[in-house]
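Overview (structure and organization)
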Amino acid sequence: MGVLNALVKRRSTALGRVAIRPRRVDFDWARAPMVWLPNEPIASYLLNSLNLVIPEGERMMIQAFEQALPDVHDEKLREDMLGFMGQELLHAQAHEDVMNQVFTRHGVDPAPFSDQMQYFFRRTLGVGESTDSRAIRQRLIERLGISASAEHMFAFMGHWAMNADLESFGADPQMLDLYRWHGAEEVEHRAVAHEVAAYFGVGYVRRSVSMIITWPIFIAWLIRAAMYLSRNDPNTPNIGYPRLIIGIVSATRRGLLPALSKWLWSGMSTFVPGFHPDSVGSTAQALAYLAQSPAAKKVHA
């Protein structure tokens, strides 16, 4: 396994940067379980919480990129931004399908939590209502910095999803493919938001502040969303916050969720001067997964 990882890493270095393009996928959610890691409701709920949080977050980043595009005069960066936006739109749609098809079929109404996400991302992190050009510009730069911090976290999670041995826990293949397809594209475009933010003047201090703000808030939303699923899933008893936190810690130790130490270390790495997201994950591994993703292959069969 060590030799394979070394070969993949060398190949990733040789590949350099690749053209980013959206890939359509076809998931069939007709029989997908809510607790898709059998006998592991807490890990399932925490990973399922991404379906509640991600769609509006992705749309916020797309909106920020759309606002930024007219001021970007680097053609390669513009091309990367357009590819990024296309991928993020498909990610949002795929996770929204899980909410509307899987969650509702199992008796969980996602609308109340989704409404909270809409308010948070559209009002708190949206364009804003100011008509002052300087205020509009500064708000855009802040949103681009937050997007870069969030994308680093998604790349970390994507790298974890591609390498976690969730099959050994009996993971539902469709749900596993969803997270690995999404995660592979996050690794593929991991540098785009960082480079857009840098283009607009987000330097070390702003990047550090964005990271300090973004990661704790995002983790808090995931935990809140997992609790929402627990309370509203009629097929399992309400877990409660103390048991949820204990269960999350246990799941990280058993490989069902990213290890807390690695999550923290990944976040802290962005405080190193000269940090660049290319240090996260492997482009070659991401492209290899995307080439054999069942949901992606169905579209091109």
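These numbers come from a predicted model, not from an experiment.

The rules behind each value
- Residues numbered from 1 in each chain as written.
- Predicted model: local features only at pLDDT ≥ 70, side-chain atom pairs only at ≥ 80, totals over all residues.
- Heavy atoms only, no water.
- Phe/Tyr/Trp six-rings, centres within 6.5 Å; stacked < 30°, edge-to-face > 60°.
- Buried < 20%, exposed > 50% of the residue type's maximum accessible area, 1.4 Å probe, protein only.
- Helix = DSSP H or I, 4+ residues; strand = E, 2+ residues; numbered from the N terminus.
- Salt bridge = Lys/Arg side-chain N within 4 Å of Asp/Glu carboxyl O.
- pLDDT = per-residue confidence, 0-100.
- Contact = heavy atoms within 4.5 Å.
- 1 Å grid on protein atoms, 1.4 Å probe; cavity = no way out; pocket = protein on both sides within 12 Å on 5 of 7 lines; lining within 4 Å.
- Points joined across faces, edges and corners; volume = space filled by probe spheres on them.

What to know about the packing of aromatic side chains
- In the structure shown here, the tally under the stated rule is 12 aromatic pairs.
- Geometrically, the ring pair formed by Phe-27 and Trp-29 is stacked, given 5.1 Å between the ring centres and 15° between the ring planes. In this pair, the class of Phe-27 matches that of Trp-29, namely buried.
- Consider the rings of Phe-113 and Tyr-228, whose centres lie 5.5 Å apart with planes at 50°: the pair is tilted. Here Tyr-228 lies in helix α8 (residues 204-232) and Phe-113 lies in helix α4 (residues 111-124), a separation of 115 residues in the sequence.
- Taking the relative accessible area as the measure of exposure, Phe-113 reaches 1% and is therefore buried.

Observations concerning the pattern of salt bridges
- Scanning the entire structure with this criterion turns up 10 salt bridges.
- Across the pair Glu-56 and Arg-59 runs a salt bridge, and its minimum N-O distance is 3.5 Å. Here Glu-56 pairs with Arg-59, and both are found in helix α2 (residues 41-68), just three residues apart, close to one helical turn.
- Of the charged contacts in the structure, one is a salt bridge between Asp-71 and Arg-137, with a shortest N-O distance of 3.1 Å. One end of the pair, Asp-71, is in the loop between α2 and α3 (75-105); the other, Arg-137, is in helix α5 (residues 133-163), with 66 residues separating them in the sequence.
- One continuous salt-bridge network, built from bridges that share partners, spans Glu-56, Arg-59, Glu-96 and Arg-122.

Some words on the confidence of the model for the chain
- Residue-level pLDDT values for the chain average 91, and 94% of them are 70 or greater.
- Within the model, pLDDT remains below 50 along residues 1-14, and this stretch shows seven contacts once partners closer than five positions in the same chain are excluded.

Let's talk about empty space enclosed by the protein
- The full count for this structure, using the stated rule, is four cavities of 30 Å³ or more.
- In this model, the largest cavity occupies a volume close to 160 Å³.
- Lining the largest cavity are 13 residues; nearest its centre among them are Leu-50, Met-157, Gly-158, Tyr-179 and Gly-183.
- Of all the elements in the fold, those that place two or more residues in the lining of the largest cavity are α2, α5 and α6 (173-188).
- Counting residues per element, the lining of the largest cavity draws most heavily on α5, which supplies five residues.
- Of the pockets and cavities examined, the second largest cavity occupies roughly 60 Å³.
- What lines the second largest cavity is simply Ala-148, Ser-149, His-152, Arg-190, His-194, Arg-207, Met-211, Thr-270, Phe-275 and Pro-277.
- Those elements that place two or more of their residues in the lining of the second largest cavity are α5 and α8.
- Of all the elements, α5 adds the most residues to the lining of the second largest cavity, at three residues.

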